[in-house]
Amino acid sequence: MIAVGMMDRKIVLQERSQSVDGTYGGINTILYTPNAEEIWSHVIWKGVKVDEKGDQLQNNQVVEFYCRNGGAMATATVEDYIEMNSEKHYIDVINVVDGREKYLQIITTQVTT
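Just so you know, the residues in each chain are numbered from 1, in the order the chain's sequence is written. Restriction of local features to residues with pLDDT of at least 70 applies here, the model being predicted, together with a cutoff of 80 or more for giving and counting side-chain atom pairs; totals for whole chains, interfaces and linings are based on all residues. Computation of side-chain values covers all heavy atoms of the structure but excludes hydrogens and water.

A.B. asks: So what exactly am I meant to see when it comes to unusual backbone geometry here?
C.D. replies: With glycine set apart, most residues show a phi of negative sign, and most peptide bonds adopt trans. At N85, a position not held by glycine, the phi torsion is positive, near 55°. Phi at S86 takes a positive value of approximately 60°, unusual for a residue other than glycine.

See the structure below:
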């Protein structure tokens, strides 16, 4: 169970949109726009990402976000990403947790440079 007081990190959901040029052989344009709704989350840093062989992947940090299921997060997909402290966290998995579909567990990968 996650108490409301534990959701102390402000995050921004960057939503993906795609448009296609109307001419023959048009160019796909992918654009990420920030959702205007204020989203608060509980954050857990899990450590480095591991590949199929069990080897640790350098510069990859697994981060779990727990937030309320509703509002801006109700439309979140794995094509979007979460921005926190000017860092991009690419969404890998979105799970519904804690009965009555009250909270979302979002497992992300942060690629550090």
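A.B. asks: Which parts of the structure should I look at to understand the nonpolar core?
C.D. replies: In globular proteins that are soluble, nonpolar side chains generally tend to be buried together. Only buried Ala, Val, Leu, Ile, Met, Phe, Trp, Tyr and Cys residues count toward a nonpolar core, and they belong to the same one when joined by side-chain atoms within 4.5 Å. Relative accessible area decides the class of each residue, using a 1.4 Å probe on protein chains only: under 20% of the type maximum gives buried, over 50% gives exposed, and in between gives partly exposed. With 15 residues, the main nonpolar core has I11, L13, I39, F65, M73, I82 and I106 as its most contacted residues. Listed by contribution, the elements that provide at least two residues to this core are strand 1 (9-20), strand 3 (39-50), strand 4 (56-68), strand 5 (81-84) and strand 7 (103-111). We count a stretch as a helix when DSSP gives it H or I for four or more residues in a row; a strand needs E for two or more, and each element gets its number in order from the N terminus. The dominant element in this core, judged by the number of residues it contributes, is strand 4, at 3 residues. Any two residues having at least one pair of non-hydrogen atoms within 4.5 Å are treated as being in contact. The contacts of I106, once residues within four sequence positions are left out, are V63, E64, F65, C67, M73, I82, I91, V93 and I94.

A.B. asks: What am I meant to see in the packing of aromatic side chains here?
C.D. replies: In summary, the pairing rule links any two rings of Phe, Tyr or Trp, Trp by its six-membered ring, whose centres are within 6.5 Å, and it sorts them by plane angle into stacked for under 30 degrees, edge-to-face for over 60 and tilted for everything else. Enumeration over the complete set of coordinates arrives at 2 aromatic pairs. Taken together, a centroid distance of 5.7 Å and an interplanar angle of 45° make the contact between Y81 and Y90 tilted. Grouping aromatic residues by their ring pairs yields a cluster made of Y32, Y81 and Y90.

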